[in-house]
Amino acid sequence: SQTIHQWPATLVQPVGSPLSLECTVEGTSNPNLYWYRQAAGRGLQLLFYSVGIGQISSEVPQNLSASRPQDRQFILSSKKLLLSDSGFYLCAWSVGGPEKLFFGSGTQLSVL
Amino acid sequence: AQSVTQLDSQVPVFEEAPVELRCNYSSSVSVYLFWYVQYPNQGLQLLLKYLSGSTLVKGINGFEAEFNKSQTSFHLRKPSVHISDTAEYFCAVSDNSGNTPLVFGKGTRLSVIA
């Protein structure tokens, strides 16, 4: 069966520090991968999605970036965090279309 | 591009009462529609989806939703809620090409009161 792993579960970082959140999927090949952010009062915002290795689409211009170094690995990064980067970050995957979208358990990021 | 509007940010309801969570969408092409549920500090789980066919869709935990093309709506309903239904509910839309990511609404927090 397919599983998605996302870590860490919680993270507290100072303003200006770097960020690296990792997501891996097991049990499937060539998934579509997504990073969403959930901020208070703003719902679920799509940040990046990838349909293959090295292919990243950015939905929202900001100081975050994403990379897909391997087929089932998706990394969210920042060189310098801002206060506004605080939120709940969710990784998700799908195969064969977005109607089968599965989410990880999320990372609660607090930038102080 | 598609968009979703969830009209209520919070809905309090007494246990065993019926509930309706409203969702309207905007799109220039045919769409797929979804409802997801998020329990505290967890990821999202799919409740139900409309891809094609019958406009009344039944999902898990006794929830159902009706696709209304003329009103561009996909409201979620449950005839009798339980305390365990307390959660955040998200409506989402994508075009029916299967190639575009889901666009989510801002969510509705359902609070079931004993």
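As a starting point, this report considers the structure included with it. (Residues numbered from 1 in each chain as written. Chains lettered and ligands numbered in written order. Predicted model: local features only at pLDDT ≥ 70, side-chain atom pairs only at ≥ 80, totals over all residues. Heavy atoms only, no water.)

## Some points on the overall build of chain A
Here's step 1: In terms of regular secondary structure, chain A is built from zero helices and 11 strands.
Here's step 2: Along chain A, helices (α) and strands (β) appear in the sequence β-β-β-β-β-β-β-β-β-β-β when read from the amino end.
Here's step 3: Summarising its shape, the C-alpha atoms of chain A cover approximately 40 × 25 × 20 Å along the three principal directions.
Here's step 4: Counting all 112 residues of chain A, 50% fall into the buried class.
Here's step 5: Accessible surface, chain A as shown: approximately 5200 Å² in total, 53% of it carbon and sulfur.
Here's step 6: Computed over 7 positive and 6 negative side-chain charges, the separation of the two mean positions in chain A equals 7 Å. (Helix = DSSP H or I, 4+ residues; strand = E, 2+ residues; numbered from the N terminus. Buried < 20%, exposed > 50% of the residue type's maximum accessible area, 1.4 Å probe, protein only. Areas by Shrake-Rupley, 256 points an atom, 1.4 Å probe, with all protein chains shown as cover. Lys, Arg positive; Asp, Glu negative; His and termini not counted. Charge placed at Lys NZ, Arg CZ, Asp CG, Glu CD.)

## Quick word on the side chain of S17 of chain A
Residues and elements named next belong to chain A.
Here's step 1: Here S17 shows up in the loop between β2 (10–13) and β3 (19–26).
Here's step 2: Reaching out from S17, the side chain makes a polar contact with the backbone oxygen of P14 at a distance of 2.7 Å.
Here's step 3: Apart from the residues lying within four places of it in its own chain, the contact partners of S17 are K79, K80 and L81. (Polar contact = N/O pair within 3.5 Å; in protein donor to acceptor, adjacent residues only side chain to side chain. Contact = heavy atoms within 4.5 Å.)

## A short note on the sheet that holds β3 of chain A
Residues and elements named next belong to chain A.
Here's step 1: Taken in spatial order, the four strands line up as β1-β3-β8-β7 in an open sheet, and their pairing is antiparallel. In this open sheet, the two edge strands, each paired with only one partner strand, are β1 (3–7) and β7 (64–70). Taken pair by pair, the neighbouring strands of this sheet meet at an average axis angle of 15 degrees, ignoring direction. (Pairing = 2+ DSSP bridges. Axes fitted to C-alpha atoms, helices over the stretch in contact; angles between N-to-C directions.)

## A closer look at the state of the cysteines
Here's step 1: Counted by the stated rule, this structure contains two disulfides over all chains.
Here's step 2: Linked covalently through their sulfurs, C23 of chain A and C91 of chain A form a disulfide whose S-S length is 2.0 Å. Here the disulfide of C23 of chain A and C91 of chain A is left-handed, its torsion about the S-S bond being about -75 degrees. On the criterion of sequence distance, the pair formed by C23 of chain A in strand β3 and C91 of chain A in strand β9 (residues 87–94) is long-range, its members being 68 residues apart. Assigned by exposure class, C23 of chain A and C91 of chain A land together as buried.
Here's step 3: Between the sulfur of C23 of chain B and that of C91 of chain B lies a disulfide, 1.9 Å long from S to S. For the disulfide bridge between C23 of chain B and C91 of chain B, the dihedral angle about the S-S bond is near -65 degrees, and by the sign convention the bridge is left-handed. With C23 of chain B in the loop between β3 (19–21) and β4 (24–26) and C91 of chain B in strand β10 (residues 87–95), the pair connects residues that are 68 residues apart, well separated along the chain. (Disulfide = S-S within 2.5 Å.)

## Things to note about the pairing of strand β11 (residues 107–111) of chain A
Residues and elements named next belong to chain A.
Here's step 1: Here β11 shows a buried face lined by T107, L109 and V111 and an unburied face lined by Q108 and S110.
Here's step 2: Here four bridges tie β2 to β11, and the two strands are oriented parallel to one another. Each bridged residue has a counterpart across the sheet, and for T10 the counterpart in β11 is Q108.

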